[in-house]
Amino acid sequence: MNARLDFFGNATAAKFAKYINSAGKVISDSTLPAATQELVKIRASQINGCGFCTDMHTKDAAHAGETTLRLNLVAVWREATVFTDAERAALELAEQGTRIADAAGGVPEEVWTNAAKHFDDDQLAALTGLIALINAYNRMNVIAATPAGSYTPGQWG
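Residues numbered from 1 in each chain as written. Predicted model: local features only at pLDDT ≥ 70, side-chain atom pairs only at ≥ 80, totals over all residues. Heavy atoms only, no water.

- With an unreviewed UniProt entry as reference, the chain is termed Carboxymuconolactone decarboxylase family protein, source organism Rhodococcus parequi.

Next comes the structure, spelled out in C-alpha coordinates:
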(Lines give C-alpha, C1' and ligand atoms only; values in the text may rest on other atoms or scores of the structure.)
Protein backbone atom coordinates (compact mmCIF):
# COMPACT_ATOMS: atom_id res chain seq x y z
CA MET A 1 0.00 0.00 0.00
CA ASN A 2 1.33 3.41 -0.98
CA ALA A 3 0.17 6.83 0.11
CA ARG A 4 -1.63 8.90 -2.48
CA LEU A 5 0.65 11.83 -1.71
CA ASP A 6 4.22 11.87 -0.43
CA PHE A 7 4.36 14.67 2.16
CA PHE A 8 8.15 14.72 1.95
CA GLY A 9 8.50 14.38 -1.80
CA ASN A 10 6.13 17.17 -2.76
CA ALA A 11 7.39 20.72 -2.23
CA THR A 12 4.02 22.20 -1.26
CA ALA A 13 3.17 19.33 1.08
CA ALA A 14 6.63 19.44 2.67
CA LYS A 15 6.37 23.19 3.25
CA PHE A 16 2.94 22.78 4.85
CA ALA A 17 4.21 19.92 7.02
CA LYS A 18 7.13 22.07 8.15
CA TYR A 19 4.81 24.79 9.44
CA ILE A 20 2.35 22.43 11.05
CA ASN A 21 5.26 20.65 12.75
CA SER A 22 6.39 24.01 14.14
CA ALA A 23 2.98 24.39 15.76
CA GLY A 24 3.43 20.92 17.27
CA LYS A 25 6.73 22.00 18.83
CA VAL A 26 4.94 24.79 20.73
CA ILE A 27 2.62 22.21 22.23
CA SER A 28 5.28 19.59 23.00
CA ASP A 29 7.31 22.29 24.77
CA SER A 30 4.32 23.32 26.92
CA THR A 31 3.60 22.22 30.49
CA LEU A 32 0.78 19.94 29.34
CA PRO A 33 2.03 16.51 30.50
CA ALA A 34 3.63 14.48 27.71
CA ALA A 35 1.62 11.37 28.60
CA THR A 36 -1.61 13.36 28.33
CA GLN A 37 -0.51 14.70 24.96
CA GLU A 38 0.04 11.20 23.60
CA LEU A 39 -3.25 9.89 24.99
CA VAL A 40 -5.12 12.76 23.31
CA LYS A 41 -3.34 12.18 20.00
CA ILE A 42 -4.14 8.47 20.14
CA ARG A 43 -7.82 8.97 20.98
CA ALA A 44 -8.44 11.58 18.27
CA SER A 45 -6.60 9.41 15.75
CA GLN A 46 -8.74 6.40 16.69
CA ILE A 47 -11.93 8.41 16.25
CA ASN A 48 -10.78 9.74 12.88
CA GLY A 49 -9.68 6.33 11.64
CA CYS A 50 -6.12 7.52 11.08
CA GLY A 51 -4.03 4.36 11.14
CA PHE A 52 -0.78 6.22 10.52
CA CYS A 53 -1.18 8.57 13.51
CA THR A 54 -2.54 5.79 15.75
CA ASP A 55 0.53 3.71 14.90
CA MET A 56 2.91 6.62 15.44
CA HIS A 57 1.51 7.84 18.74
CA THR A 58 1.01 4.43 20.34
CA LYS A 59 4.62 3.59 19.48
CA ASP A 60 5.90 6.97 20.71
CA ALA A 61 3.93 6.60 23.95
CA ALA A 62 5.24 3.07 24.55
CA HIS A 63 8.77 4.23 23.79
CA ALA A 64 8.33 6.99 26.39
CA GLY A 65 7.27 4.42 29.00
CA GLU A 66 3.50 4.26 28.64
CA THR A 67 2.08 0.88 29.64
CA THR A 68 0.49 -1.56 27.24
CA LEU A 69 -2.56 -1.73 29.52
CA ARG A 70 -3.24 2.00 29.25
CA LEU A 71 -2.57 2.05 25.51
CA ASN A 72 -5.00 -0.82 25.00
CA LEU A 73 -7.70 0.98 26.99
CA VAL A 74 -7.54 4.44 25.41
CA ALA A 75 -10.51 3.68 23.13
CA VAL A 76 -12.63 2.69 26.15
CA TRP A 77 -11.26 5.21 28.65
CA ARG A 78 -14.71 5.85 30.20
CA GLU A 79 -14.87 2.25 31.47
CA ALA A 80 -11.19 2.02 32.40
CA THR A 81 -9.81 2.72 35.87
CA VAL A 82 -6.21 3.32 34.75
CA PHE A 83 -6.49 7.00 33.82
CA THR A 84 -6.26 9.98 36.16
CA ASP A 85 -9.12 12.46 36.46
CA ALA A 86 -7.04 14.99 34.52
CA GLU A 87 -6.35 12.51 31.71
CA ARG A 88 -10.04 11.62 31.59
CA ALA A 89 -10.95 15.31 31.30
CA ALA A 90 -8.42 15.73 28.47
CA LEU A 91 -9.73 12.63 26.66
CA GLU A 92 -13.30 13.88 26.99
CA LEU A 93 -12.35 17.29 25.59
CA ALA A 94 -10.42 15.57 22.78
CA GLU A 95 -13.45 13.47 21.87
CA GLN A 96 -15.83 16.43 21.93
CA GLY A 97 -13.40 18.61 19.96
CA THR A 98 -12.84 15.86 17.40
CA ARG A 99 -16.54 15.10 17.00
CA ILE A 100 -17.48 18.76 16.80
CA ALA A 101 -19.78 18.21 13.82
CA ASP A 102 -21.77 15.62 15.78
CA ALA A 103 -22.92 18.13 18.40
CA ALA A 104 -25.12 21.01 17.33
CA GLY A 105 -23.70 23.30 20.02
CA GLY A 106 -20.04 22.35 19.75
CA VAL A 107 -18.11 21.37 22.89
CA PRO A 108 -20.47 21.34 25.91
CA GLU A 109 -19.70 23.84 28.67
CA GLU A 110 -19.48 21.08 31.29
CA VAL A 111 -16.71 19.36 29.31
CA TRP A 112 -14.67 22.58 29.23
CA THR A 113 -15.38 23.30 32.90
CA ASN A 114 -14.19 19.83 33.84
CA ALA A 115 -10.95 20.26 31.89
CA ALA A 116 -10.42 23.67 33.50
CA LYS A 117 -10.51 21.98 36.94
CA HIS A 118 -7.36 20.03 36.01
CA PHE A 119 -5.38 22.33 33.71
CA ASP A 120 -4.24 25.95 33.95
CA ASP A 121 -4.83 28.43 31.13
CA ASP A 122 -1.52 27.69 29.39
CA GLN A 123 -2.23 23.95 29.53
CA LEU A 124 -5.77 24.51 28.26
CA ALA A 125 -4.34 26.54 25.38
CA ALA A 126 -1.90 23.72 24.62
CA LEU A 127 -4.66 21.10 24.90
CA THR A 128 -6.94 23.07 22.58
CA GLY A 129 -4.12 23.54 20.08
CA LEU A 130 -3.18 19.87 20.34
CA ILE A 131 -6.72 18.71 19.59
CA ALA A 132 -6.89 21.02 16.57
CA LEU A 133 -3.43 19.95 15.41
CA ILE A 134 -3.91 16.18 15.67
CA ASN A 135 -7.20 16.52 13.82
CA ALA A 136 -5.35 18.34 11.03
CA TYR A 137 -2.67 15.63 10.91
CA ASN A 138 -5.36 12.94 10.89
CA ARG A 139 -7.15 14.56 8.01
CA MET A 140 -3.93 14.95 6.01
CA ASN A 141 -3.06 11.28 6.46
CA VAL A 142 -6.56 9.92 5.92
CA ILE A 143 -7.02 11.96 2.73
CA ALA A 144 -3.58 10.86 1.47
CA ALA A 145 -4.20 7.24 2.59
CA THR A 146 -0.86 7.16 4.40
CA PRO A 147 -0.28 3.52 5.39
CA ALA A 148 0.27 2.48 9.00
CA GLY A 149 2.71 0.07 10.55
CA SER A 150 6.19 1.10 9.51
CA TYR A 151 6.77 4.05 11.88
CA THR A 152 9.78 3.78 14.20
CA PRO A 153 9.72 5.89 17.39
CA GLY A 154 11.80 9.03 17.00
CA GLN A 155 12.30 8.61 13.27
CA TRP A 156 11.44 12.29 12.68
CA GLY A 157 12.47 13.77 16.01
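From this point on, the discussion continues.
**As for a nonpolar patch on the surface**
Item 1. Taken together, I100, V107 and W112 make up a surface patch of nonpolar side chains, about 250 Å² in accessible area.
Item 2. Among the secondary structure elements, V107 is positioned in the loop between helix 5 (85–98) and helix 6 (109–118). (Patch = residues over 30% accessible without salt bridge, like charges linked within 9 Å, V, L, I, M, F, W, Y side chains within 5 Å. Areas by Shrake-Rupley, 256 points an atom, 1.4 Å probe, with all protein chains shown as cover. Salt bridge = Lys/Arg side-chain N within 4 Å of Asp/Glu carboxyl O. Helix = DSSP H or I, 4+ residues; strand = E, 2+ residues; numbered from the N terminus.)

**Considerations on the packing of helix 2 (residues 34–48) against helix 3 (residues 51–63)**
Item 1. Orientation of helix 2 relative to helix 3, taken along the N-to-C sense of each, is 155°, at an axis distance of 9 Å. Regarding the angle of helix 2 to helix 3, the classification is roughly antiparallel. Remark: the crossing between helix 2 and helix 3 carries left-handed chirality. Residues E38, K41, I42, S45 and Q46 of helix 2 form the contact with helix 3, whose own contacting residues are C53, T54, H57, T58, D60 and A61.
Item 2. Looking at the contact of helix 2 with helix 3 residue by residue, the classes come out as three nonpolar, five polar and three charged. (Axes fitted to C-alpha atoms, helices over the stretch in contact; angles between N-to-C directions. Parallel < 35°, antiparallel > 145°, perpendicular 65-115°, else oblique. Left-handed = near helix turned anticlockwise from the far one by under 90°. Contact = heavy atoms within 4.5 Å. Nonpolar A, V, L, I, M, F, W, Y, C, P; charged D, E, K, R; others polar.)

**Description of the UniProt feature "domain: Carboxymuconolactone decarboxylase-like" (unreviewed entry) in the chain**
Item 1. Mapped onto the present numbering, the UniProt feature "domain: Carboxymuconolactone decarboxylase-like" (unreviewed entry) falls on residues 19–95.
Item 2. As a span, residues 19–95 carries 71% helix and 0% strand, and end to end its C-alpha atoms are 25 Å apart. (UniProt positions renumbered as here; feature names shortened; annotations may be inferred.)

**What to know about unusual backbone geometry**
Item 1. Notably, A145 is not glycine yet its phi reads approximately 55°, a positive angle.
Item 2. In this fold, A145 is placed in the segment after helix 7 (121–144).
Item 3. Taking relative accessible area as the criterion, A145 reaches 18% and is therefore assigned buried. (Buried < 20%, exposed > 50% of the residue type's maximum accessible area, 1.4 Å probe, protein only.)

**A closer look at the pattern of salt bridges**
Item 1. In total, this model carries eight salt bridges according to the counting rule given.
Item 2. Of the charged contacts, one joins E38 and K41 as a salt bridge, the two residues approaching to 3.0 Å between their closest N and O atoms. Taken together, the residues span about one helical turn, with E38 and K41 both in helix 2 at a distance of three residues. When sorted by exposure, E38 lands in the same class as K41, which is buried.
Item 3. The shortest N-O distance in the salt bridge between R43 and E95 comes to 2.7 Å. Highlighted residues: R43 in helix 2 and E95 in helix 5, separated in sequence by 52 residues.
Item 4. E95 sits in the buried class, given a relative accessible area of 4%.

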